[in-house]
Amino acid sequence: MSTTSEVTAMSDVPQGREVGVAILGHGTVGSEVRRLMEANAEAFSHRIGGPLALRGVAVSNPTKHSRTLPKELLFDDAMELIAREDVDIVVEVIGGIEYPRKLVLAALNAGKSVVTANKALVAAHADELADAAEAAGVDLYFEAAVAAAIPVVGMLRRSLAGDQIERISGIVNGTTNFILDAMDETGASYDDMLAEATRLGYAEADPTADVEGHDAASKAAIMASLAFHTRVKASDVYCEGITKITAQDIEAAKNAGYTIKLLAICERIRSAAGEDSVSARVHPTLVRRDHPLASVNGSYNAVFVEAEAAGRLMFYGNGAGGNPTASAVLGDLVGAARNKVHGGRAPGESTYANLPLADFGQVPTRYHIDMHVRDRVGVLAEVAAVCAKNGISLRTVRQEERDDAARLILLTHEASEESLDATVTELATLDDVLTVDTVIRMAE
Ligand code: HSE
């Protein structure tokens, strides 16, 4: 990683205060963090103003790691490692919620800064962790928790701290983007492309958190909290996954000029009375094929931000994997270590706006409704009447002939989630509507 000019400049490595580091976890990310920390030790000394010193790595099964780590660095008791006097910064890359929560709180309460990659932990307990960091006067960093090395947290906490964010639309889960993109490319079914994602190592053995949208919902909670200076937890995020998306949905989207993406949408919603609220939601979404998010292929992630002064920005890259996640962790580690050497604090939690969470039923959206109806006189009029009764304006209506029925595809104008949902429920009760096959929301 060091360039020739950097190596030349390294003749005089800063001899500032040594910063002790404990790493909790030595899996894909932890081992990569340790490797890069060692490989770039001199460069990091320059960037920090003093050397980083690894005090230990806590693992559940030390024997498993005895070939890659010297015995004196291996700890099976994470609390013992955290409590060491010479540990200044704790890096948490274990995963899960309850166990790392105890460890991170213990570290913060003992005056250690913490760097974590744990989105589920931050999305569930940001308030408690931020309060502990504040009380101890230490840093809590979590860049790797959202889309790995894509600088989403730093961008929201620092770069756009002077702007007003209106909306974030993110593809923040690589597994589901891979599956949807592969379905779009090949016309194959969800099950076949999930199997392909598993074969290629994108999907976990248990892919529930990815395909049901929970992983993206944690990231949405973190982004919404930072963007709108309001505490938003994972449990506040409306969440629908991709398991019901069919090859037919993808085909219909294509024909209408759209692609289907699992979007994490964090939005400031302004009422007619001028009052703001925050909506955070994750669901399959129709994205126009000329929108920048439509071109995010494979397992890539992208975060599209709309801000009052900055306008539209898009951040794109690998949102997962050992290397990109380690890059984000190390960026945080350098920041936390600099503060230990030179003083100063990272931006803390900012929840001053404390906006209310929008009622999901009132969130404005547009629907794509795909259904089968009896092909007879008056059906379209019946459908249109139900839409009109619920205040829904239709944008386009497309009909395809089938042997004994017709397929109707409706694209609506914007209306509240509640009115659109009521419309779909009522359409399904009409005698001439045989099935309502799919309902997918559409992006702006
Ligand atoms: N499983 C996630 C993904 C990465 O597929 O993007 C970790 O959040």
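Residues numbered from 1 in each chain as written. Predicted model: local features only at pLDDT ≥ 70, side-chain atom pairs only at ≥ 80, totals over all residues. Heavy atoms only, no water.

(A) Spatial organisation of the sheet that holds strand β1 (residues 19-24). Pairing in this open sheet of six strands is parallel, and the strands run β3-β2-β1-β4-β5-β6 from one edge to the other. The outermost strands of the open sheet, each flanked by one partner alone, are β3 (74-75) and β6 (140-141). Relative to β6, strand β5 (residues 113-116) runs parallel, the two sharing two bridges. Note that in β6 the partner of Val 114 across the bridge is Leu 140. Along the sheet, helix α2 (residues 28-39) contacts β1 and β2 (52-58); its crossing angle with β2, the most-contacted strand, is approximately 155°. (Pairing = 2+ DSSP bridges. Helix = DSSP H or I, 4+ residues; strand = E, 2+ residues; numbered from the N terminus. Contact = heavy atoms within 4.5 Å. Axes fitted to C-alpha atoms, helices over the stretch in contact; angles between N-to-C directions.)

(B) Spotlight on the pairing of strand β10 (residues 276-288). Buried residues dominate β10, accounting for twelve of its 13 residues. With two bridges connecting them, strand β8 (residues 238-239) and β10 associate as parallel partners. In the sheet register, Tyr 238 faces β10, and the bridge partner there is Arg 281. Between strand β9 (residues 258-270) and β10, which follow one another and run antiparallel, lie five residues, and Gly 274 among them has a positive phi close to 85°. Here β10 runs beside strand β17 (residues 433-442); their pairing, made up of two bridges, is parallel. Bridge pairing in β17 places Thr 285 opposite Arg 441. (Buried < 20%, exposed > 50% of the residue type's maximum accessible area, 1.4 Å probe, protein only.)

(C) Spotlight on the environment of Asp 12. Within the element layout of this structure, Asp 12 appears in the loop between α1 (4-8) and β1. Assessed through its relative accessible area of 63%, Asp 12 is described here as exposed. Spatially, the C-alpha atom of Asp 12 lies 8.8 Å from that of His 46, the residues being 34 residues apart in sequence.

(D) Looking closely at the UniProt feature "binding site: NADPH" (unreviewed entry) in the protein chain. Residues given the UniProt feature "binding site: NADPH" (unreviewed entry) here are Lys 119. Looking at where Lys 119 falls in the secondary structure, it is placed in helix α6 (residues 119-136). The contact partners of Lys 119, leaving out residues within four places of it in the chain, are Ala 145, Asp 215, Ser 218, Lys 219 and Ile 222. (UniProt positions renumbered as here; feature names shortened; annotations may be inferred.)

(E) Layout of the site of the ligand. As a matter of local geometry, the ligand sits amid Lys 119, Asn 173, Gly 174, Thr 175, Asp 210, Asp 215, Lys 219 and Ala 320. Here Thr 175 contributes a side-chain N or O atom positioned 2.5 Å from an oxygen atom of the ligand. Contacts to the ligand include Asp 210, whose side-chain N or O atom sits 2.9 Å from a nitrogen atom. Considering the ligand on its own, with 260 Å² of exposed area, one finds that the protein chains cover 83% of that surface. Contributions of two or more residues to the shell around the ligand are made by α8 (174-186) and α11 (214-228). Its residues assigned to classes, the shell around the ligand shows one nonpolar, three polar and four charged. (Near = heavy atom within 4 Å. Polar contact = N/O pair within 3.5 Å; in protein donor to acceptor, adjacent residues only side chain to side chain. Areas by Shrake-Rupley, 256 points an atom, 1.4 Å probe, with all protein chains shown as cover. Nonpolar A, V, L, I, M, F, W, Y, C, P; charged D, E, K, R; others polar.)

(F) Spatial organisation of the environment of Leu 394. Tracing the chain through its elements places Leu 394 in strand β14 (residues 394-401). Leu 394 sits 27 residues away from Tyr 367 along the chain, and the two C-alpha atoms are 9.6 Å apart. Filtering out sequence-adjacent residues up to four positions away, Leu 394 remains in contact with Cys 387, Leu 410, Leu 411, Thr 412 and His 413.

(G) Spatial organisation of a nonpolar patch on the surface. A cluster of nonpolar residues, Tyr 300, Met 314 and Tyr 316, forms a patch on the protein surface that exposes about 280 Å² of accessible area. By the element assignment, Tyr 300 lies in strand β11 (residues 300-307). Looking at Tyr 300, the relative accessible area reads 33%, which means it is partly exposed. (Patch = residues over 30% accessible without salt bridge, like charges linked within 9 Å, V, L, I, M, F, W, Y side chains within 5 Å. Salt bridge = Lys/Arg side-chain N within 4 Å of Asp/Glu carboxyl O.)

(H) Fine view of helix α15 (residues 417-429). Here α15 spans 19 Å end to end across 13 residues, near enough to the 18 Å set by a 1.5 Å rise per residue. Listing the buried residues of α15 in full gives Glu 417, Leu 420, Thr 423, Val 424 and Leu 427. End-on, the buried residues of α15 take up no more than an arc of 125°, which puts them together on one face. Buried-residue contacts for α15 involve β13 (364-373), α14 (379-389), β15 (406-412), β16 (415-416) and β17. (Expected span 1.5 Å × (residues − 1). Arc of directions from axis to C-beta.)

(I) Summary view of the environment of Tyr 238. Checked against the element boundaries, Tyr 238 lands in strand β8. For Tyr 238, a relative accessible area of 25% puts it in the partly exposed group. Considered as a pair, Tyr 238 and Arg 281 are 43 residues apart in the sequence and their alpha carbons are 4.5 Å apart. What Tyr 238 contacts, discounting residues up to four positions off in sequence, is Ala 280, Arg 281, Val 282, His 283, Phe 360 and Arg 441. Here Arg 441 takes part through its side chain, which lies 3.5 Å from a polar atom of the side chain of Tyr 238.

(J) Examining α8 more closely. When the terminal C-alpha atoms of α8 are compared, their 18 Å separation across 13 residues agrees well with the 18 Å that a helix rising 1.5 Å per residue should span. With eleven of 13 residues buried, α8 lies mostly within the body of the structure. Every buried residue of α8 is listed here: Gly 174, Thr 175, Thr 176, Asn 177, Phe 178, Ile 179, Leu 180, Asp 181, Ala 182, Met 183 and Asp 184. In the stretch just after α8, Gly 187 is the one whose phi turns positive, near 80°.

(K) Molecular detail of the UniProt feature "active site" (unreviewed entry) in the protein chain. The positions that UniProt labels "active site" (unreviewed entry) are, in the present scheme, Lys 219. Examined against the element boundaries, Lys 219 turns out to sit in helix α11. The class of Lys 219 is buried, set by a relative accessible area of 5%. Discounting chain neighbours no more than four positions away, the residues touching Lys 219 are Lys 119, Ala 145, Val 146, Ala 147 and Val 172.

(L) Molecular detail of the pairing of β9. Judged by how many residues are buried, β9 sits mostly within the fold: twelve of 13 residues are covered. Of the pairings in the sheet, the one linking strand β7 (residues 165-171) to β9 comprises four bridges and is antiparallel in character. Each bridged residue has a counterpart across the sheet, and for Ile 168 the counterpart in β9 is Cys 266. Two strands pair when backbone bridges link them, and β9 and β10 are joined in this way by 13 bridges, in the antiparallel orientation. Bridging across to β10, Leu 263 finds its partner in His 283.

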